[in-house]
Amino acid sequence: MSNASSNIASSSSDNIAEPETCAEQTRRALLLGALATTACLARPASARADDDQPGADERPQKGDLLVLSEGDNEGQLIKPDDLKLGGPPVRAWPKDPKTSVVRSGSRLNEILVVKLDANELDETTRARAAGGIVAYSAVCAHAACPVTEWVKADQGGDVTVFKCPCHNSEYDPRQGAQVVFGPAPRRLAALPLSLSDGSLSVAGGFIGKVGGAQPG
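Cut-off values and rules
Residues numbered from 1 in each chain as written. Predicted model: local features only at pLDDT ≥ 70, side-chain atom pairs only at ≥ 80, totals over all residues. Heavy atoms only, no water. Pairing = 2+ DSSP bridges. Helix = DSSP H or I, 4+ residues; strand = E, 2+ residues; numbered from the N terminus. Axes fitted to C-alpha atoms, helices over the stretch in contact; angles between N-to-C directions. Core = buried A, V, L, I, M, F, W, Y, C linked by side-chain atoms within 4.5 Å. Buried < 20%, exposed > 50% of the residue type's maximum accessible area, 1.4 Å probe, protein only. Contact = heavy atoms within 4.5 Å. Disulfide = S-S within 2.5 Å. Salt bridge = Lys/Arg side-chain N within 4 Å of Asp/Glu carboxyl O.

> Explain the sheet that holds strand β8 (residues 178-181) to me, and be specific about the residues and the numbers.
Spatial strand order, β5-β6-β7-β8: four strands in an open sheet with antiparallel pairing. The outermost strands of the open sheet, each flanked by one partner alone, are β5 (149-152) and β8. Across the sheet, the mean angle separating the axes of adjacent strands is 45 degrees when strand polarity is ignored. For strand β6 (residues 160-163) and strand β7 (residues 170-172), the ladder comprises two bridges, and the chain directions are antiparallel. What sits directly across from Lys 163, in β7, is Glu 170.

> Help me get a handle on the pairing of strand β9 (residues 193-196), residues and values and all.
Two strands pair when backbone bridges link them, and β9 and strand β10 (residues 199-202) are joined in this way by four bridges, in the antiparallel orientation. Residue Leu 193 lies in a different strand from β10, and its bridge partner there is Val 202. Linkage of β9 to β10, two consecutive antiparallel strands, is achieved through a turn of two residues, within which Asp 197 is found at a positive phi near 55 degrees.

> Any chance you could break down the nonpolar core for me, citing the residues and the numbers?
Ranked by internal contacts, the top residues of the largest apolar core, which has 21 residues, are Val 134, Tyr 136, Val 147, Phe 162, Tyr 171 and Leu 188. Where this core is concerned, the elements lending two or more residues are β3 (111-115) and β4 (133-137). Ignoring sequence-local partners within four residues, the contact set of Phe 162 consists of Pro 89, Leu 112, Val 114, Tyr 136, Val 147, Glu 149, Trp 150, Ser 169, Glu 170, Tyr 171, Pro 173 and Leu 188. Core analysis: the next-biggest nonpolar cluster, separate from the first, contains 18 residues, Ile 111, Val 113, Leu 191 and Phe 206 among them.

> Go over the state of the cysteines, please, and point to the residues and values.
With the rule as written, the count across this model stands at one disulfide. Linked covalently through their sulfurs, Cys 145 and Cys 166 form a disulfide whose S-S length is 2.4 Å. Its S-S torsion of about -110 degrees marks the bond between Cys 145 and Cys 166 as left-handed, since a negative value means left-handed. On the criterion of sequence distance, the pair formed by Cys 145 in the loop between β4 and β5 and Cys 166 in the loop between β6 and β7 is long-range, its members being 21 residues apart. With a relative accessible area of 13%, Cys 145 lands in the buried category. On the basis of relative accessibility, which here comes to 38%, the residue Cys 166 falls in the partly exposed class. Among the cysteines around Cys 140, which has no disulfide bond, Cys 164 carries the closest sulfur, lying 3.9 Å off. Residue classification places Cys 164 among the buried positions, given a relative accessible area of 1%.

> Talk me through the pattern of salt bridges; I want residue IDs and the actual numbers.
Tallied over the full model, the rule gives six salt bridges. Across the pair Glu 58 and Arg 103 runs a salt bridge whose closest N-O atoms are separated by 3.5 Å. Remark: Arg 103 occurs in the loop between β2 (90-95) and β3 and Glu 58 occurs in the loop between α2 (45-51) and β1 (65-68); sequence separation between them is 45 residues. A residue is classified by how much of its surface remains accessible, and Arg 103, at 3% relative accessible area, is buried. A salt bridge links Arg 103 to Asp 64; its shortest N-O distance comes to 2.6 Å. Of this pair, Arg 103 sits in the loop between β2 and β3 while Asp 64 is found in the loop between α2 and β1, placing the two residues 39 residues apart along the sequence. The residues Arg 103 and Asp 64 share a single accessibility class, namely buried. Three or more residues joined by partner-sharing salt bridges are found here, namely Glu 58, Asp 64, Asp 96 and Arg 103.

> Residue-level account of unusual backbone geometry, with values.
In this chain, Gly 87 is followed by Pro 88 through a cis amide linkage whose omega measures 10 degrees. Within the fold, Pro 88 resides in the loop between β1 and β2. The residue Ser 100 is not glycine, and still its phi comes out positive at about 65 degrees. Locating Ser 100 in the fold gives a position in the loop between β2 and β3. Backbone geometry at Ala 177 places phi at a positive 55 degrees, although glycine is not the residue there. Tracing the chain through its elements places Ala 177 in the loop between β7 and β8. According to the relative accessible area criterion, Ala 177 is buried, its value standing at 0%.

Take a look at the structure:
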């Protein structure tokens, strides 16, 4: 009798455990589905569509236009009058004017664009600027973090510089985005600009290496 009771108890436990396992699997599947949906919604639909198109992950090409990469006006062409003299910079993607593909398939293509007094630029920087407007890679040369801040230089004075908040590297856009503070081993890659029908246009590929010297 004890063996029979034991078998019944074991069978009953098995029968109870199975529905609980199925329920748990169902809950897990629903949770994963919700997370996947949230991840997809985290990026604008326009960016997701462009990411899959041919050319979306190619580096900026001569003749590309620049469009805003964030904010309410995301995707709109950047014009000189849209930029405030002295900053802050805006973040941008290159856009192929022939195919209308935004090159947002690689984060290494994101660009910082800032309008400065042309008289403040060194000779080399002025030569690749468009009316005092300069553009650089938005990816830090140290550990490939995004460069997101526009602050007074750590070394003092009134000079405003790009800053990466990860390890506090600072870059002066007036001097070819050379490193003025922090551990970055080299300046940000520069992107030559020109004006095309009143909009900012890429005049050539990146000058310098894009991305970090260390894994980000």
